[in-house]
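Analysis of the macromolecular model
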Amino acid sequence: MSRAAKSRALAAASLIVAVCSVASCDDAAPPPPAIGVTDGAVVARDPYGALPDTVLGYPVTRGAAAGYVPDAACRDCHESIYDSYQATGMARSFGRLDPAQAVEDFGKTYHQEATGFYYEMHARGDKVVQRRYCKDERGRHFAEHEAEVAWVVGSGNHARTYFAQDPHGEMFELPLSWYAQDGWAMSPGYEYPDHERFERQVVRECMFCHNAYPEVPVGSDLPGQPSTFPTTLPHGIGCQRCHGPGARHVESAIDPDADEGQVTGRIVNPAHFAPADRDNVCLTCHLQPDVFSGGESIVAVMDRPVYAHRPDLPVTDAKVFFDFGTAEERAAKIEINHHAYRLRQSACYTASDGALHCVTCHDPHTKRARPEHADHYAKACLQCHATEDCNGHEGARAAAGSAALPDCVACHMHEARPRDVIHATITDHRIRRRPPKTDLTARRPPQPRPKAPLQPVPYLPDQTPTGALRHLYAGWASEDRASPEQLRAWRAALAELQPSVSLPYVTLGRALALAGDVQAAVEVLSAAASRFADDALVHYTLGLALHIGGEHAAAMQHVDQALAAGEEPLALALKGNLHALLRQLEPAREACEASLRLRPNRTKTWKAYASILAELGQLDRSAEAYRNVIARSPDELEAYFMLADIHRAQGRPAEMVRILEHGASRSDDVRLELVVVHLLDGPPARDTARALAIARDVRSRQPASGRAHAYLAFAMIVSGQADGVGAVLDAARAAGADPAVCTGLAALERRRVGDRPGANGLLERFQVELRAPSSERLRGPIVRLLRATSSPR
C-alpha cells in the first residue's frame with residue numbers, strides 16, 4: 001500500500017458525535033463480535049444470532065460491516081432529527097454528482113501555472129468528466145486526458161473533490177476541486193508541480209472518515225489489503241456511524257414483544273456517555289495531528305479490520321496517533337481537520353476538567369443558520385464565563401447585533417486558512433484570550449513539505465503503545481523517510497514481537513527497499529513468506545524487492561504466488577516487467593494488457609506496455625500506447641523520444657516534429673531533440689536555421705548545461721558554421737557534457753576541416769568512451785554522421 005496514497009484529509013466532511021433522543025437503558029449493548037479473516041466469507045451473524053435479511057423491508061448488510069441498514073430506516077421513528085440532519089455537511093459528505101443539482105460552474109477553464117496544465121469540468125447528460133490538457137508553443141492542445149467523475153466527496157460548505165473509479169474498484173482523487181470561496185482550484189495535495197496527476201489513490205483509511213461503511217467481504221478491510229470498493233456505496237456519513245449498526249435496534253423497535261431495554265440497548269446513544277467518551281466519538285475523525293509533514297499521523301491498528309470500529313469503542317482500539325515537528329511547530333500548525341487538535345490547545349478546554357467538549361457547542365443533527373451563530377455560541381461560552389469578564393463586551397455585543405450577548409467567536413476563535421487546504425478558511429478551534437499577531441486567513445503559496453527523516457511524536461502518550469510496539473508503529477508512521485536508526489529499531493521490534501499478521505513485515509521490507517537496503521528487505525520479506533505462505537501481499541512485495549535486486553526469475557515465482565489469490569493490477573504489471581526482462585515478450589504483453597484492463601490510468605504500466613510492443617515490432621500499437629503515456633503524464637520525456645523514433649522509422653518526419661514540439665513545451669531536453677531532427681531528418685523536417693536558433697535559445701537559458709553547449713556545437717558543425725566551435729566545445733566539456741559526445745564532436749569538426757589524421761586519433765578515444773553506459777541521445781546522431789563521412793585511411 002503506497003504511503004503517498006495513504007490517509008490524507010481531503011475536505012471538511014467528517015464525523016461529529018451524535019446525540020440521540022432515544023431513551024437510555026442501563027443494559028448496555030454487548031460488545032461487537034471479534035471479526036477474523038474467514039477467506040472473505042459473508043458474515044450474517046452478530047452477538048444475537050443470525051441477522052435477518054431485511055427489517056421493515058430494508059436490506060441488512062453482511063460481511064465486514066454487518067448489521068447496518070439504510071439510514072432511511074431511522075426516519076420512520078426519528079423523522080425530525082433525520083430530516084434536519086440531511087442539511088448537515090456530514091450527511092452530504094459523499095455521493096454521486098448529479099449535474100442537475102450541482103453547485104459548480106461547469107465549463108470554465110482553470111490554468112495551473114505551476115505545471116502549465118489546463119483543467120475543465122463538463123457535464124455530458126447525466127455524467128460529468130474532468131478534462132486536462134496542455135498547450136504547446138503554437139497554442140495546440142496535446143496530452144488531452146479525461147476521467148469520468150464517479151463520486152463527489154465534500155458537502156460544498158468548504159469544498160467538493162471528485163473521485164474516479166476503475167474497473168478493479170479502486171478510487172482515485174481527481175486534480176481539480178470546487179471551493180466555496182475560490183471556485184475551481186487544485187485539489188488538496190495537488191498544489192505542487194510534482195503531483196500525482198490522475199493517479200492519487202484513495203485508500204480505505206481515507207474513506208473511513210468520509211462516508212458510511214460499505215458492504216464488503218470479511219477480511220477485505222484489514223490494513224494492507226487492496227483498497228477496492230463496490231460500485232454501490234452509502235451516500236454520506238449516516239446515523240449509524242455515531243450510533244452503531246441499526247438492524248437490531250429497528251428489529252426490536254417493531255417487535256411487539258420487545259421491552260424498552262431491548263430497544264434502547266441495541267443502539268449506541270452517545271448522549272449518555274461521559275464527556276471524554278463523547279469526544280472519543282468525535283476524535284475518530286476530527287483528530288488528525290499532521291497531514292502536511294507527509295508522514296502518517298494516524299496509523300491503523302495493524303491487526304484490526306477498518307470497518308470493525310464502533311462508536312462505543314475507544315478510538316485507540318482502531319488508530320494510533322502521531323504528530324511531527326517541534327513543540328513550537330505543533331502549537332502553530334492549522335490544518336483542515338484540526339478541530340479537536342486545536343481545541344485541546346485551549347486553556348478553556350484544559351481547565352474545564354471535561355466540562356467543555358464537542359457537543360457543548362455543536363448539535364451534530366442540525367445545520368444552524370448563520371444569523372443564529374453568535375448567540376448560540378455565546379450561550380455556550382456563558383456556561384463558564386460572564387459577560388462582565390469580557391473587556392470588549394460592548395463592542396462585541398454591538399458587532400453581534402444583539403442586545404444581550406457578545407460575539408465570542410468573532411474575538412476568540414478566528415477564521416484561519418489551513419496549510420493543507422489553501423483555498424478555504426475554517427474556524428480555528430483554538431480559543432485565544434487575545435487576537436493572533438498575524439492574519440491567519442492570509443493567502444500564501446504552497447509550502448514545501450519537509451524532506452528530512454521524520455521523527456514521530458506520540459500524540460496521546462497515555463494511549464500510545466510503548467516499548468517495541470511503539471517502535472513498530474512509529475516506523476510505519478514514517479516509512480517513506482525513516483532514518484537508519486528508526487529502521488533498526490523497527491526491525492528489532494519485529495524480531496521481539498513476532499506479530500501474527502503480515503503487514504508489519506511488508507511495510508518494513510518496503511521501507512528497507514526504499515532506503516536502498518534491498519538485501520535486508522529480501523531477508524525480512526523472505527522470513528514473512530515462510531510464516532505467511534498464502535499471503536498475496538507478502539509474495540508481491542518480496543517479488544518487487546527481488547526484482548529491484550536483479551533476481552528476476554526468483555521474483556517471478558513470488559509474483560505468481562501472489563496472483564494465485566486473484567488478479568491485482570500492480571502484481572500483473574510487475575509480472576509484465578519481469579517477463580520483458582527475461583525476454584519473454586508475448587507473456588509480457590499479455591500481463592500488461594491484463595493489468596491495464598483493471599487499472600487503465602497507471603502511467604508506468606503504459607510505458608512498459610509501449611516498450612514491449614515496440615520490441616515486438618508492433619509500431620502502430622506502440623505509438624498509441626506512448627500517446628496514452630503522454631496523455632496521462634505529459635512530463636514523461638522518454639515517451640516523446642520513443643514516439644518520435646517510431647515516426648522516424650515509419651518515414652513520417654512531420655509527425656515526428658509535431659510530437660517533439662509538444663514535448664518541447666514541457667522540457668528543453670525534448671527541445672534539443674528538435675535540433676537533430678531539423679538537421680538530419682526530412683524533408684520536410686530539415687531546417688538548418690531553425691536548428692541553430694533552437695540550440696542558441698536553449699544555451700542562453702541554460703548556460704551551465706553541458707548538453708546545451710554540446711547540441712549547439714553539433715548544430716554549428718553540421719550547418720558548416722566554423723567560427724567559435726572550439727570555444728563552444730570547451731564550454732561543453734567544462735560544464736560536464738558526456739565525454740563521448742565531446743570527443744565525437746571534436747572528431748566531426750576535424751573531418752569537416754579536412755584533418756583526417758586528427759579525426760582518426762580522436763575516433764579511437766571515442767570508441768573507448770562509447771563503452772561507458774549513457775542515456776545521452778546525441779551519441780546516436782554523431783555515430784551516424786561519422787559513419788556517413790568515413791573513408792579509408
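Our subject is the structure that appears above.
First, a word on scope: everything that follows refers to the structure included in this document. (Residues numbered from 1 in each chain as written. Predicted model: local features only at pLDDT ≥ 70, side-chain atom pairs only at ≥ 80, totals over all residues. Heavy atoms only, no water.)

Here we look at the sheet that holds strand E17 (residues 319–323)
Where we set the bar: One requirement defines pairing of two strands: DSSP has to find at least two bridges between them. Under the DSSP-based scheme used, a helix requires at least four consecutive residues in state H or I and a strand at least two consecutive residues in state E, with every element numbered from the N terminus. We call two residues in contact whenever any of their non-hydrogen atoms come within 4.5 Å of each other. Between the N-to-C directions of two axes lies an angle of 0 to 180 degrees, each axis being a line fitted to C-alpha atoms and, for a helix, fitted only over the stretch in contact.
In spatial order, the strands read E16-E17-E20; together these three strands make up an open sheet with antiparallel pairing. Both outer strands of the open sheet, strand E16 (298–300) and strand E20 (457–458), are each paired with one neighbouring strand and no more. Running at roughly 115° to E16, helix H15 (residues 467–477) makes contact with E16, E17 and E20 of the sheet.

Considering the packing of helix H31 (residues 739–752) against helix H33 (residues 779–788)
To be explicit about the condition: Orientation labels follow simple angle bins: below 35 degrees gives roughly parallel, above 145 gives roughly antiparallel, 65 to 115 gives roughly perpendicular, and whatever is left gives oblique. It is the rotation of the near helix from the far one that decides the hand of a crossing: anticlockwise by less than a right angle makes it left-handed, clockwise makes it right-handed. All amino acids are sorted into three groups, where Ala, Val, Leu, Ile, Met, Phe, Trp, Tyr, Cys and Pro are nonpolar, Asp, Glu, Lys and Arg are charged, and the leftover types, Gly among them, are polar.
With their axes 10 Å apart at the nearest point, H31 and H33 run at an angle of 30° to one another. Classified by the interaxial angle, the pair formed by H31 and H33 is roughly parallel. Between H31 and H33 lies a crossing of left-handed hand. Residues Ala740, Val741, Gly744, Leu745, Ala747, Leu748 and Arg751 of H31 touch H33, and the partners they reach there are Arg779, Ile782, Leu785 and Leu786. Of the residues assigned to the contact of H31 with H33, the class counts are eight nonpolar, one polar and two charged.

Comments concerning the state of the cysteines
Note on terminology: a disulfide is the covalent bond linking the sulfur atoms of two cysteines. To be explicit about the condition: Defined by distance alone, a disulfide is two cysteine sulfur atoms within 2.5 Å. The rule is simple: take the accessible area with a 1.4 Å probe, protein chains only, and divide by the maximum for that residue type; under 20% is buried, over 50% is exposed, in between is partly exposed.
Summed over all chains, the structure comprises one disulfide. Cysteine 209 shares a disulfide with cysteine 285; S-S distance 2.1 Å. Taking the torsion about the S-S bond as the criterion, the cysteine 209 to cysteine 285 disulfide, at about -95°, is left-handed. With cysteine 209 in helix H3 (residues 204–210) and cysteine 285 in helix H7 (residues 275–286), this pair connects stretches of sequence that are 76 residues apart. A relative accessible area of 3% places cysteine 285 in the buried class. Cysteine 209 supplies the cysteine sulfur nearest to cysteine 206, a cysteine that is in no disulfide, at a spacing of 9.2 Å. For cysteine 206, a relative accessible area of 6% puts it in the buried group. Among the cysteines around cysteine 242, which has no disulfide bond, cysteine 282 carries the closest sulfur, lying 7.4 Å off. The class of cysteine 242 is buried, set by a relative accessible area of 4%.

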